[in-house]
Each structure stands twice: as C-alpha cells, then as structure tokens.
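An overview of the molecular structure
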Amino acid sequence: MSKKLKTIAPAMLTLEDKTYSLPVFEGAENEKAIDISCLRNKTGYITLDDGYGNTGSCESAITYIDGENGILRYRGYPIEELAEQSRFVEVAYLLLYGNLPNHEQLENFSKGLNESSIIHEDMHHFFNGFPRGSHPMGILATMIASLSTFYPVPDIMDPVSEMQIVTNLVSQVRTIAAFSYKKSIGEPLVYPSIKYKYVANFLYMMFSSPVKDYQLDEDIVKAIDMLLILHADHEQNCSTSSVRMAGSSLANIYAVISAGIAALWGQRHGGANQEVIKMLQQIHAEGGDGGEFINQAKDKSSTKRLMGFGHRVYKNYDPRATVLKKYCDIILNKPGFNDPLFDIAKRLEEVALSDDYFISRKLYPNVDFYSGLILRAAGIPTNMFTVLFAIGRMPGWLSHWREMIHSDQITIHRPRQIYVGEPLRHYQPIEMRD
Ligand code: ACO
C-alpha cells in the first residue's frame, strides 16, 4: 500500500475458531477499505464479489466519485466547473498529467495533437476492407489495435516516446472515428486541418467534403466539447478496468486501448447512449407516453431495461446527466434544432422518478440518458454515439494506464473463482460414451 493511505484501526475477522486482524486504510476522501491482500495466505479463504461492486482494484489519484451524493471530480476539480469553464484538450491534459496546464504546456499539447492527427497513409486501405454497414465501434477497435503495427512501441519507453504514444491515441482516435463514418456513407476521407482545434477538426472531418463546406456552429462545437469532458474519465468502470486488466500483463498500449473500446461497446456500458435513442424513437413511433415501455422495464420476465437509467455507482442523479440536460435545453431550443425526442425523454424521466420501482432501487438518469440528444442535434448518426464516448474516454483510459505503469509495482490482474463444476472424473474413449 502506498504512503498516501492513512492506516486506521484494523478489522477483526473470525473464521471457524480463529480471529485474524486485517489492515484498514482510509483514502483522501475518508473512504475506507479492508486490505485483504494477505487473506488467502493467512486463512485459505478468498472473497467472493461477483461484479466487483465491493472490490477496490487499485489506488488511484485521478477521479473521485461519491455515488450517494452525485459527486464527480477529476483530479479534485468538480465536473460541473470543468464542463462549464474548461475545454476537452485542457481536461485531457489535467487527467493525464495531474494538473491544469499553463499556457506553454497547453500550447505544446495542442500542437502535438494537431501534428499527430493524420494516420499512416497505408492504413487508409484498411477502411476499404470492412463491409458496408460495419459497426463503427468494430472498426475503431480494429484500427486502434492496428496502430501498434504502424507506430511500434519501443522496448524501453522513455518519457518522450510515452508522451508521443499518448498524444497519438488522443488525436488519432478522432481521425479514425471520422474516417470510419466517411467510409460508411461512401464519401472520400477528409484529412484533418491545421486550422481547427480538437472538436472543430473532428466535425470538419465528419461533415465537410470536397464539394461541401461544413458550417461550424459554435454552440454545437461547445456542446460536443462539453460532452467529451463529461465522458473523459469515470474511475474503475468496465472499460477502464479492462484497460487496467489488459495493461497489467504489459501488453502493447494500442492493443490495451482496443480492449477498453471492446468493453465500452456493450449496451450496459457505453452502448447505452445508442439504445436510449432507439427507445425514445420507439416510444415516439408508438405515440404513447412511455408508460408501456416503463412497465416492460419493470417486468422481471422481460430483459428490457429503461435505457439511460441506473448506475452501478450513482444512487442519485448522475451529475453528468444534470449538465447534459441543461445543454439539451440550450441546443434544442435554438431555431431549427427542436427534437420531439427531448420532450419524450423529459416526460419519461418524470414518470420514472415518481414510480416506486425506480425510487426504491435508486435508479436515476445516467450520462447516456441525454447525451444522444446532443449528438443527434450535431448530426452525429446513432451508430457513432459510442464512438464519441470512446473519443471522450481516451484520456481517462490513458491516464489509468500511465498511473499503473508508473506505480511502484505492477501486479498482473488475476482474480480467483469459486469452482462449481464437475468433481474429478476420468477420460473415456468415445466408443464408451453412449
Ligand atoms: N431499468 C429497469 N430496471 C433496472 C434498471 C433499468 N435501467 N437498472 C437496474 N434495474 C433494476 C434491476 O433489474 C435490479 O432489480 P432487482 O433488484 O429487482 O433485481 C436493480 O435495479 C439493481 O440492478 P443491477 O443490475 O443489480 O444494478 P447494477 O448496478 O448491476 O447495474 C446498470 C447498473 C448496468 C447500469 C443498470 O442500471 C442498467 O442496465 N441500466 C440500463 C443501461 C444503461 O443505461 N447503461 C449505462 C450505464 S452508464 C455508463 O456505463 C456510461
């Protein structure tokens, strides 16, 4: 355990006729943890925690969440302040390097991002190999892993090459995302431009073409920037834990990030933003008030869930959803941006939050409930929503990877299990099996 943890009174564990003392530590925000790292050696027992809801897998100084009180902070800064006052590139720097950058640091980082934004020309052919209609998350995971072959990681990583890799990934994920969209609609790839900043450059690559200039709307640029900030980190979530898990074997960083993208794709994680829009569209098409959908989500014999509701950590309103709802109000009230799905979403939220099923289980809107509406307003197609999440989450994944590889010791992640299969049995030749 690091020196940053405060030691407090130990926990006493009684098993059979023996009592064991287990160290207890306290973190920076008084959250307490029983250290069980010696449990199996001392007692022969392991802990069982399906889904890891009670397991701290590491110490981390990046993000703090208090799910009961709806608090989220990056490196100590409240998410609301960052969403309102900062920019995504600045927040990426903060997450990666621990402090907000000064002028020079920000300028160098931004310059690095711009200079790393093109991908190797030979990679362009890969986009032709994917069938039309391929999910962009599949393309993204593949292309990110294949960066490892074009931008080899040195055997011994010095700070300069590490910074270059990190910069490549934060920048190139946006280029790959835009290219995969262009391919899917059969338009030529648009190279990034030195003229634009991070988000504007992404929108330019997505929506301009040799025969059509894209008119940047500053409100949309700000809204997408804010959305990326809100998605930039969320401590040990499923995809970040996948990054730490894969990274703990000291695998290639591009492959490690690809593992994070794969985990993010699932509809119980980053894929939920896409499912929310499908749900709102279905309710809109059926013309009801969403009550039928809510009944199905409550029905235990159905696999349906109210998408964009509930969270493993937040047992209160997700603070990111609050910010997003506010931005929906701004963007969707602009002339020409009205979206009937926003009214359905607000009504659905109202109904769910007065329903005992959702109240008793502390199920509130999460980040995905309103994010899709902003993405729709920006013209981002639904199948690209999770890709936008991945662009936002990239600095978070990389910060956790950096924190892990720079820690005093890197332990390969290897949970145990309780075996419930067949007891010992012996092989029989096939003729004897009928
Ligand atoms: N709709 C209906 N019921 C729900 C929902 C929901 N959205 N979420 C949870 N529940 C119910 C469960 O059925 C369960 O009920 P029970 O106690 O009667 O069995 C109870 O609430 C607890 O649910 P769990 O699945 O145990 O909660 P968990 O913390 O494991 O899951 C999760 C969290 C996966 C996010 C869940 O709430 C969910 O599936 N939500 C919908 C998908 C979604 O929006 N995902 C995005 C999450 S945010 C993110 O990843 C960026």
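Above this text is the structure in question.
Residues numbered from 1 in each chain as written. Predicted model: local features only at pLDDT ≥ 70, side-chain atom pairs only at ≥ 80, totals over all residues. Heavy atoms only, no water.

Focus: the sheet that holds strand β2 (residues 18-26)
In spatial order, the strands read β1-β2-β3; together these three strands make up an open sheet with antiparallel pairing. Strands at the two margins of the open sheet, each flanked by one partner only, are β1 (6-15) and β3 (32-34). For this sheet, the mean angle separating the axes of adjacent strands, direction not counted, is 30°. Both β1 and β2 contribute to a ladder of eight bridges, which runs antiparallel. From the neighbouring strand, Leu-13 faces β2, where its bridge partner is Tyr-20. (Pairing = 2+ DSSP bridges. Helix = DSSP H or I, 4+ residues; strand = E, 2+ residues; numbered from the N terminus. Axes fitted to C-alpha atoms, helices over the stretch in contact; angles between N-to-C directions.)

Things to note about the site of the ligand
Around the ligand, a shell composed of 20 residues is seen, among which Lys-300, Arg-305, Leu-306, Gly-308 and Tyr-357 lie nearest. In this structure, an oxygen atom belonging to the ligand sits 2.9 Å away from a side-chain N or O atom of Arg-305. A distance of 2.9 Å separates an oxygen atom of the ligand from a polar atom in the side chain of Arg-361. Burial of the ligand by the protein chains amounts to 76% of its free accessible area of 920 Å². Split by residue class, the shell around the ligand holds nine nonpolar, five polar and six charged. Counting the residues that make up the shell around the ligand, at least three belong to each of domain 2 (78-269 + 389-405) and domain 3 (272-377). (Near = heavy atom within 4 Å. Polar contact = N/O pair within 3.5 Å; in protein donor to acceptor, adjacent residues only side chain to side chain. Areas by Shrake-Rupley, 256 points an atom, 1.4 Å probe, with all protein chains shown as cover. Nonpolar A, V, L, I, M, F, W, Y, C, P; charged D, E, K, R; others polar. Domains from an automatic or database assignment.)

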